[in-house]
Amino acid sequence: GALASRGSNPPAHELSPEDYCRLLYAYVKLGAPEKVPQNWQQPVVALFIAAFEFLSSPDSIGGLDARGLRRLSLSLALWPPPTASTTCFSDEAEALRRSLLVRSFEALLLQLVRSPGVEGEAWNQGRLLAFSACEEFAMEPQELTAAAASRLAELLEAPPRCEVASRGKILAELGTTHCEVHKALVQVVRELSSADSTGHLPP
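Criteria and thresholds
- Residues numbered from 1 in each chain as written.
- Predicted model: local features only at pLDDT ≥ 70, side-chain atom pairs only at ≥ 80, totals over all residues.
- Heavy atoms only, no water.
- Helix = DSSP H or I, 4+ residues; strand = E, 2+ residues; numbered from the N terminus.
- Contact = heavy atoms within 4.5 Å.
- Core = buried A, V, L, I, M, F, W, Y, C linked by side-chain atoms within 4.5 Å.
- Buried < 20%, exposed > 50% of the residue type's maximum accessible area, 1.4 Å probe, protein only.
- Axes fitted to C-alpha atoms, helices over the stretch in contact; angles between N-to-C directions.
- Left-handed = near helix turned anticlockwise from the far one by under 90°.
- Nonpolar A, V, L, I, M, F, W, Y, C, P; charged D, E, K, R; others polar.
- Phe/Tyr/Trp six-rings, centres within 6.5 Å; stacked < 30°, edge-to-face > 60°.
- Lys NZ or Arg CZ within 6 Å of the ring centre and 35° of its normal.
- pLDDT = per-residue confidence, 0-100.
- Expected span 1.5 Å × (residues − 1).

J.: Any details on the side chain of Ser-60? Residues and values, ideally.
T.: With respect to the helices and strands, the residue Ser-60 is situated in helix α3 (residues 58-62). If sequence neighbours within four positions are ignored, Ser-60 has contacts with Pro-17, Phe-54 and Leu-55.

J.: Tell me about the nonpolar core, and name the residues and values.
T.: Counting residues in each nonpolar core, the largest one holds 47 residues, and the members touching the most others are Phe-48, Leu-72 and Phe-105. Looking at this core, the elements with two or more residues in it are α1 (17-29), α2 (38-55), α4 (66-77), α5 (91-109), α6 (121-136) and α7 (146-155). The element contributing the most residues to this core is α5, with 8 residues. For Phe-105, the residues in contact, after removing those within four places along its chain, are Ser-73, Gly-126, Leu-129, Ala-130, Ala-133, Met-139, Leu-152 and Leu-155.

J.: Help me get a handle on the packing of α4 against α5, residues and values and all.
T.: At a minimum axis separation of 9 Å, α4 and α5 run at an interaxial angle of 150 degrees. For the pair α4 and α5, the crossing hand works out as left-handed. Residue-level contacts link Ala-66, Leu-69, Arg-70, Leu-72, Ser-73, Leu-76 and Ala-77 of α4 to Arg-97, Leu-100, Leu-101, Ser-104, Phe-105, Ala-107 and Leu-108 of α5. Of the residues that constitute the contact of α4 with α5, the class distribution is 10 nonpolar, 2 polar and 2 charged.

J.: I'd love a proper account of the packing of aromatic side chains, names of residues and values included.
T.: A ring pair, where both rings are aromatic, is described by two values, the distance of the centres and the angle of the planes. Summed over all chains, the structure comprises 7 aromatic pairs. With a centroid separation of 6.2 Å and 50 degrees between ring planes, the pair formed by Phe-48 and Phe-89 is classed as tilted. Of this pair, Phe-48 sits in helix α2 while Phe-89 sits in the loop between α4 and α5, and the two are 41 residues apart along the sequence. Across the pair, exposure class does not vary: Phe-48 and Phe-89 are buried alike. Every member of this aromatic cluster is reached through a ring pair, and the members are Tyr-27, Phe-48, Phe-52, Trp-79 and Phe-89. Over the aromatic face of Tyr-25 sits the side chain of Arg-71, whose NZ or CZ is 5.9 Å from the ring centroid.

J.: Please provide a residue-by-residue account of unusual backbone geometry, values included.
T.: In this structure, Pro-33 follows Ala-32 across a cis peptide bond, with omega equal to -5 degrees. Following the sequence through the fold, Pro-33 ends up in the loop between α1 and α2. Positive phi, close to 55 degrees, is recorded for Ala-138, a residue that is not glycine. Tracing the backbone through its elements, the reader meets Ala-138 in the loop between α6 and α7. The class of Ala-138 is partly exposed, set by a relative accessible area of 46%.

J.: Run through the confidence of the model for the protein, naming residues and quoting values.
T.: Averaged over all residues, the pLDDT of the protein is 76; the fraction at 70 or higher stands at 66%. Throughout residues 162-166 the model reports pLDDT below 50, and contacts reaching past four residues in sequence, or to other chains, amount to 8 contacts. Here residues 199-203 is modelled with pLDDT under 50, and outside its nearest four sequence neighbours on either side it reaches 7 contacts, counting other chains as well.

J.: Before we move on, could you go through the environment of Phe-48 and cite the residues and values that matter?
T.: Taking relative accessible area as the criterion, Phe-48 reaches 1% and is therefore assigned buried. C-alpha of Phe-48 to C-alpha of Phe-89: the two residues are 41 residues apart in sequence and 9.5 Å apart in space.

J.: Describe α6, with residues and values.
T.: Compared with an ideal rise of 1.5 Å per residue, which puts 16 residues at 22 Å, α6 spans 22 Å between its outermost C-alpha atoms and is within 8% of the ideal. Buried residues dominate α6, accounting for 12 of its 16 residues. Considered for burial, the residues of α6 that qualify are Trp-123, Asn-124, Gln-125, Gly-126, Arg-127, Leu-128, Leu-129, Ala-130, Phe-131, Ser-132, Ala-133 and Cys-134. Two residues or fewer past α6, Ala-138 is found with a positive phi of approximately 55 degrees.

J.: Just give me the short version of the environment of Ala-93, but keep the residues and values in it.
T.: Mapped onto the elements of the fold, Ala-93 is located in helix α5. A sequence separation of 48 residues divides Ala-93 from Val-45, and the C-alpha atoms of the two residues are 9.6 Å apart. Dropping the residues within four chain positions of it, Ala-93 is found in contact with Ile-49 and Phe-52.

Dropping the structure here:
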């Protein structure tokens with residue numbers, strides 16, 4: 001709430017592409033945009049849209065390393081595609097989100113490295129993202145460069161470790177990986193809430 005209340009379009013010099021990725025990732029891990037209280041939903045949605053627009057520029061995507069691209073892709077895929085009864089975004093905003101997911105994941109695909117006989121965390125998260133992007137966001141190989149499409153096919157050769165790429169199992173897999181991050185973010189929100197009422201952060 002404290003960040004969202006500053007407005008939907010912070011000056012460009014204040015936030016870098018990496019800052020926006022971290023911001024989106026933090027909000028999504030805390031349940032945004034689906035679980036945002038009604039009184040904060042409008043500014044949070046506006047903040048998401050501003051981040052989507054900023055990160056959609058070629059310079060923004062090109063300036064992210066593999067970790068930033070992975071964080072951005074997860075932020076876009078961790079909450080489900082819209083339904084008529086649940087979406088709080090316009091059709092245009094959802095289209096922008098999907099476009100950004102395809103572009104960020106395409107860039108990430110080109111940076112994923114798989115060692116023979118070894119499947120690290122980054123590779124397994126890439127596999128989970130691949131199933132989510134294809135199954136839930138209808139991403140097609142034709143939307144990607146030839147090199148990225150080849151890597152996507154490699155990721156899709158076998159189901160992810162959770163065996164079935166259902167949303168519940170994907171979220172459980174990713175949530176387990178990042179549970180400590182989530183706990184830390186919850187503590188930060190509590191501190192910010194305390195600061196909102198007292199004007200100072202707690203010691």
